[in-house]
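# Reading the structure
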Amino acid sequence: MNAKNLSERLKTVASFVKKDTILADIGSDHAYLPCYLVHTGIITQGIAGEVVKGPFESAQKQVRSEGLAQQIDVRFGNGLEVIQTADNVQTITIAGMGGPLIASILEAGKEKLSTVETLILQPNVHAKAIREWAQKENWKIVNETILEEHDKIYEIVVLQKGEMKLTEQDLLVGPFLKQGKSAVFLKKWTNELREWQRIMDQLNKSAVSGEVQQKKEELERKIALVKESL
Ligand code: SAM
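Before going into details, it helps to say that this report is about the structure given with it. This is a predicted model, so every value here is computed, not measured.

This part takes up the overall build of the protein chain. Counting its secondary structure elements, the protein chain contains nine helices and seven strands. For the protein chain, the C-alpha radius of gyration of 19 Å lies close to 17 Å, the compact-globule estimate for 230 residues. Each of the three principal axes of the protein chain carries a C-alpha extent, and together these read 60 × 35 × 35 Å. The buried share among the 230 residues of the protein chain stands at 50%. Carbon and sulfur atoms make up 49% of the accessible area of the protein chain, which totals about 11,600 Å². Treating the 30 positive side-chain charges of the protein chain as one cloud and the 31 negative ones as another, the clouds have centres 2 Å apart.

Another aspect to go through is helix α8 (residues 183–205). The first and last C-alpha atoms of α8 sit 33 Å apart over 23 residues, in line with the 33 Å expected at 1.5 Å per residue. Listed in full, the buried residues belonging to α8 are V184, F185, K188, W189, L193, W196, M200 and L203. Of the surrounding elements, those touching the buried residues of α8 are β6 (139–149), β7 (152–161), α6 (168–173), α7 (175–180) and α9 (210–229).

Turning our eyes to something else, we now look at the packing of α8 against α9. Where α8 contacts α9, the two axes come as close as 10 Å, and the packing angle between them is 155°. In terms of their interaxial angle, α8 and α9 are classed as roughly antiparallel. Both α8 and α9 take part in a crossing whose hand is left-handed. Contact residues: α8 offers F185, W189, L193, W196, Q197, I199, M200, L203 and N204, while α9 offers V212, K215, K216, L219, E220, K222, I223, V226, K227 and S229. For the contact of α8 with α9, a count of residues per class yields eleven nonpolar, three polar and five charged.

Parameters at a glance
Residues numbered from 1 in each chain as written. Predicted model: local features only at pLDDT ≥ 70, side-chain atom pairs only at ≥ 80, totals over all residues. Heavy atoms only, no water. Helix = DSSP H or I, 4+ residues; strand = E, 2+ residues; numbered from the N terminus. Rg over C-alpha atoms; globule rule 2.2 N^0.38 Å. Buried < 20%, exposed > 50% of the residue type's maximum accessible area, 1.4 Å probe, protein only. Areas by Shrake-Rupley, 256 points an atom, 1.4 Å probe, with all protein chains shown as cover. Lys, Arg positive; Asp, Glu negative; His and termini not counted. Charge placed at Lys NZ, Arg CZ, Asp CG, Glu CD. Expected span 1.5 Å × (residues − 1). Contact = heavy atoms within 4.5 Å. Axes fitted to C-alpha atoms, helices over the stretch in contact; angles between N-to-C directions. Parallel < 35°, antiparallel > 145°, perpendicular 65-115°, else oblique. Left-handed = near helix turned anticlockwise from the far one by under 90°. Nonpolar A, V, L, I, M, F, W, Y, C, P; charged D, E, K, R; others polar.

The following block contains the structure:
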């Protein structure tokens, strides 16, 4: 993968970016996504934020080698702290991390979201944490998609400001994804159900305790919610 030949996962994230928006890509190891967006004429300027020195330097190197230093500002810092109000950022992308980490980055930096219109988030796991954060902070899901690449399944959740009221099932599987019921969606949850059933079989063999009972009930609840959505 490189900035001109992006993974399907990042290309799908890119497909949600509005033309000429001012973008910040947070956790931008190699800055492939912002470089691709400039090369394809979707954006003219952007910020790439990174908190780890190695990936930060890779992003700087990539941006320089692509001749994009005037368009993409690579900044070192934790989460949204790299964004200033004067940047007037309109779109934030955060891809390739766990849902809880993405939600914690948004929570810690929520005062930086005043100019932001769209959040495009690609959690590798536990997208539920993002939907829960969004509902609590008055962001609503305007689009979702799911894709498979190299035997891994990825969800992408697109948020804009506004209220939503999601059911427990929507939080878990995604309201748009549930509607679409794509083959990848069905595959993801069939795999999860198989894994949860395996865990349930183990729990059934464990000595009875309050903790085991609680885990079983949580698992039974999730299994029922997912089965109803398929
Ligand atoms: N976004 C790229 C992608 O999707 O291919 C890179 C994903 S990489 C697995 C996750 C990157 O996020 C790492 O480079 C990591 O250093 C960075 N990261 C993790 N937590 C971060 C934070 N709080 N602020 C900025 N970057 C962070």
